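# Overview (structure and organization)
Okay, here's what each chain looks like letter by letter:
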Amino acid sequence: MGVTRVMLACGVFVLQACNASDATAPITAGQPGVVNLSLGAATVATTLPTPVRLWVTTPEGRPIEGAQVRWAASQGGSLSAASTATDATGAATVRWTLGSQAGPQTLVANVEGRDPMVFGATALPDRPASIKFDYDEARLRLLGDTIHVAAHALDRFGNQSDIVPALAFENANEIASLEGNVLVARRPGLASVKATADGITARLSVVVDPAAPEVSRVWPDTIVPGGMITIEGANFALLSDAVELTVGGHEAAITRISGTRIEAILPAAGIPCASTAPQTVKVSVASAVVMSTVVLRTATPVVLSRGQSANILDPDATRCTEIVAPAGGTRAKYVFTVINTSLTAAATTGFELHGVGTGALAGRTATAPTATLMSAQSAVSASTPASILAAQALKPALSAALAGDRDHDEHLAAQRAVNRSYGSPAGVWNALRKSSTTSGAIGVAAAQVRASIGDTVIMKALYSSCGRGAEIRARVVYSGSRSVVLEDVAAPRAGQMDAEYQAIGGEFDAVQYPLLQAKIGDPLAMNTAMNGDGRVTMLFTRYVNDSLPGIAGYVTACNFYPKGTFAASNEDEVFYARVASATESPDEWRRSMRSTVIHEAKHLASFAERFVRGSAFEESWLEESTARIAEEMYSRTFANGGHWKGNVGYTAVRCEVLRCDDRPLMMWKHFSVLHQYYRGIDTLTPIGAAANGDFTYYASGWSLVRWAADQYATDEGAWIKALVKGGSLTGLANLASVSGRSPMEMLADWSLANAVDDLPGFTPQRAQLSMPSWNTADVMSGLAAMYPGLFVAAPLKARAMTFGSFKLPVTRLRAFSSSYFSFEGAQAGNQLVELRGEGGTVLPAGSLRVAVVRVE
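This text gives an overview of the structure that appears in the document. (Residues numbered from 1 in each chain as written. Predicted model: local features only at pLDDT ≥ 70, side-chain atom pairs only at ≥ 80, totals over all residues. Heavy atoms only, no water.)

### Topic: the overall build of the protein chain
Across its full length, the protein chain holds 16 helices and 44 strands. With 856 residues in all, the protein chain has 54% of them scored as buried. Sequence separation of 24 or more characterises 70% of the internal contacts of the protein chain that already satisfy a separation of 6 or more. For the protein chain, the accessible surface area stands at approximately 33700 Å², while carbon and sulfur atoms represent 52% of it. (Helix = DSSP H or I, 4+ residues; strand = E, 2+ residues; numbered from the N terminus. Buried < 20%, exposed > 50% of the residue type's maximum accessible area, 1.4 Å probe, protein only. Contact = heavy atoms within 4.5 Å. Areas by Shrake-Rupley, 256 points an atom, 1.4 Å probe, with all protein chains shown as cover.)

This is how it looks when you write it as structure tokens:
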């Protein structure tokens, strides 16, 4: 017999392709696991619809009949016969029933002497008969914990079907939620997940059974509203909305959470002002609660030894202050100020100050003690009849001296408007100088051209208008090195007061101008640009008496401009002042006028210096405050007038009152008006008039600037000149820039200094709580002793209370001013001080801040 060949038949799915012509391939060497021919796919445990055939031929292709083919099926498959013989065509046939296990199955055909041939088929799962979950039960031990739910459809043999069961949460949706195939625990309880496939269903039991939470640590040890709190422990949750965290009953906002750690923020608002004390921290996980303690501090603690102070300027820390009791429950006294940091002079804010004591103070009602805030001290003993008479004689002179302080605010505002509208005249004068080559000099004022004593000149009195003015015929009564003095020929005492005018001019040349030039500003800073003669013109005219009652003197920016800008300009540095009335003695007139001269010359200096630099004019309050500084420096030129940081007391003022020498009224004005400010401090402000007719800001503004110079200047004159000359800033911004401190910080320190400067037996630990140049308490005591019906020794308006519970309303606190309170007695516990809005409401965000100093 020749070499035989074995040929294969295709399975049922390609039966039609198997014919005599393409069934000639020989059996090749078999390889384990390699399927030589794939017969397709059929359901498990089913018989392939087409028999499997194998052809055996000779090498020449002739069929071999009677060859035995042994068949073997894998995976539990069965055959119609274990062995079959080839027929006359060389074909052996068998029927193959697949096994019950889904997946690849094989049928091996063996012919003796030949390599086996491997047939392959894929057994497909039968239709679903059951559904199985990966877990017998889904048990979750943390709220927010998750588990992946996997359900599988199985046929009757346990093969996994290709059909994916649909999942649905059957009940108790609040217990858990199903997000896709992920189950999320929400709250303790039982539920189930239903799986459905081809009409078959199954259910998975869901048990949410969180363990009780545990707290091992809470930090920080002390928390504050708006602050972070961290809790460490176990069995918390994985979802922030599954846990509630409260501190002292106030819910905290959870920002991060895990099973072992909670991070949260206590709300910044809505927590009542209370003493610092341990509070319960409660962690609630579903119905399980665990508690711990932490110190909650809603108040800003203030721990002060005698002489120490604290400024509480952070708006979040202002509302609630806790004055911590000194050790041993000793006696203590505090001055507490509420400051309004608004920079708008017209603004006011109402508030209430509430107090609660702790410890032995708890439940105690505060009472008003009989002692006043500032102890009265008298630098003047029992007034003698002579001093009383002198004081009475002072009143007309005082009225005349104070007259210059009235009605200036609107006039200075008008000067600022001129400056804003027309700018500096320096450039205009420059242009005129360049165009005057043919005519020579630019031209100077008539008073400068004819400055011989006895000559008369025509001047323009300008006030409300730069374009027109009253024509004044005046006589030259003094012509000096730095000033020309003119008297209105229509003055009631015309020609009778030359000596007084000459004394005023001489004093300006010898004392006042050098002082201004060296330490404040030069009234003649524009003189070269204006082609002037280097002198200030003082025009004393009844125009001021008749047309501007209540004004002692004034200056106008209009006169710095050439006539081409303002036809009525005098083209000169001019100071206008009133003349003596018919009933006023020349001596009393001069007494009140001398400080007015340097005051108004200072305004000239400010205008001139800022014109030279092209700077904006200063705000009225600071312009007037620095004019008062000029008067103060002038007062130092007299015996016992004091010196910078000399802490001078009533002795300097007393000489003005009693006329112990030829000095004029100067500092008496400052302190008498400062007394008025102190008495009405809640409703007044140093940064402008609080109402029509209010000029207390001249004195309070002076006090603020004087205090700032004392605290922050290393060279008094250079510091004040920088302030007067200005730059891009004006008002409080200018003062803050020169001082190097914010307005808010300065207000806090100055307010406390007003209360405790030179308080008997008290020395502040911070120098900012003092007034180095003046002993204000001594001055006020001296005024009270001299004028018992007009002044009090402690004029600062303060609300004094013992420690305990209180409610103190303040109807309105003016911008950039202070309300004062004091608390004193045996401090047997902490004193809580809460700042509330009007009517006891929660304090709204705004401009109020607090400062406190311990004085005993």
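Right, picking up where we left off after that structure.
### Details of the packing of aromatic side chains
For any pair of aromatic rings, the description consists of the separation of the ring centres together with the inter-plane angle of the planes. Tallying each qualifying case throughout the model produces 30 aromatic pairs. Judged by centre distance (6.1 Å) and plane angle (65 degrees), the rings of F336 and F823 are edge-to-face. Remark: F823 occurs in strand β42 (residues 818-826) and F336 occurs in strand β32 (residues 331-340); sequence separation between them is 487 residues. In this pair, the class of F336 matches that of F823, namely buried. Ring geometry for F540 against F575: centres 6.0 Å apart, planes inclined by 75 degrees, an arrangement best described as edge-to-face. Highlighted residues: F540 in strand β37 (residues 536-540) and F575 in strand β39 (residues 574-577), separated in sequence by 35 residues. (Phe/Tyr/Trp six-rings, centres within 6.5 Å; stacked < 30°, edge-to-face > 60°.)

### As for the state of the cysteines
Formally, a disulfide is one covalent bond, and it connects the sulfur atom of one cysteine to the sulfur atom of another. Counting across every chain of the model gives three disulfides. In this model, C273 is linked to C320 through a disulfide, with the two sulfur atoms separated by 1.8 Å. Across the S-S bond linking C273 and C320, the dihedral sits near 70 degrees, which makes this disulfide right-handed. Of the two residues, C273 is situated in the loop between β26 (261-265) and β27 (277-285) and C320 in strand β31 (residues 320-323); the sequence distance between them amounts to 47 residues. Judged by its relative accessible area of 12%, C273 is buried. Given a relative accessible area of 2%, C320 falls into the buried group. Covalently, C655 is tied to C660 through a disulfide, its sulfur atoms 1.7 Å apart. The sign of the 130 degrees torsion about the S-S bond sets the C655-C660 disulfide as right-handed. Assessed through its relative accessible area of 12%, C655 is described here as buried. Exposure remark for C660: the relative accessible area of 45% places this residue in the partly exposed category. (Disulfide = S-S within 2.5 Å.)

### Details of the sheet that holds strand β41 (residues 806-814)
Working definition: the strands of a sheet are paired by backbone hydrogen bonds and lie parallel or antiparallel to each other. The sheet built from five strands is open, its strands ordered β29-β31-β43-β33-β41 with mixed pairing. Only two strands of the sheet have a single partner each, and these edge strands are β29 (300-302) and β41. Put simply, the sheet's adjacent strands are angled 25 degrees from each other on average, direction ignored. Pairing geometry for strand β33 (residues 348-357) and strand β43 (residues 831-837), over seven bridges, is antiparallel. The residue bridging G357 from the neighbouring strand is Q831, located in β43. (Pairing = 2+ DSSP bridges. Axes fitted to C-alpha atoms, helices over the stretch in contact; angles between N-to-C directions.)

### Let's talk about unusual backbone geometry
Cis rather than trans, the peptide bond between W219 and P220 has omega equal to 5 degrees. Considering the arrangement of structural elements, one finds P220 in the loop between β20 (214-219) and β21 (222-223). You will see that D758, though not glycine, has its phi angle at about 55 degrees, which is positive. Accessibility expressed as a relative area gives 22% for D758, which makes it partly exposed.

### Things to note about helix α14 (residues 731-739)
Among the residues of α14, G731, L732, N734, L735, A736 and S739 are the ones counted as buried. Where α14 is buried, its residues meet α8 (586-613), α9 (620-635), α12 (697-712), α13 (716-725) and α15 (743-756).

### Some details on the pairing of strand β44 (residues 848-854)
Along β44, seven of the seven residues are buried, which leaves the element largely enclosed by surrounding structure. Residues L848, V850, V852 and R854 of β44 are buried on one face, and the alternating residues R849, A851 and V853, pointing to the opposite face, are buried as well. In the sheet, strand β30 (residues 309-312) pairs with β44 via four bridges, with the strands oriented antiparallel. Note that in β44 the partner of A310 across the bridge is V852. Sheet topology places β32 next to β44; seven bridges connect them, and they run antiparallel. The residue of β44 that forms the bridge with V338 is V850.

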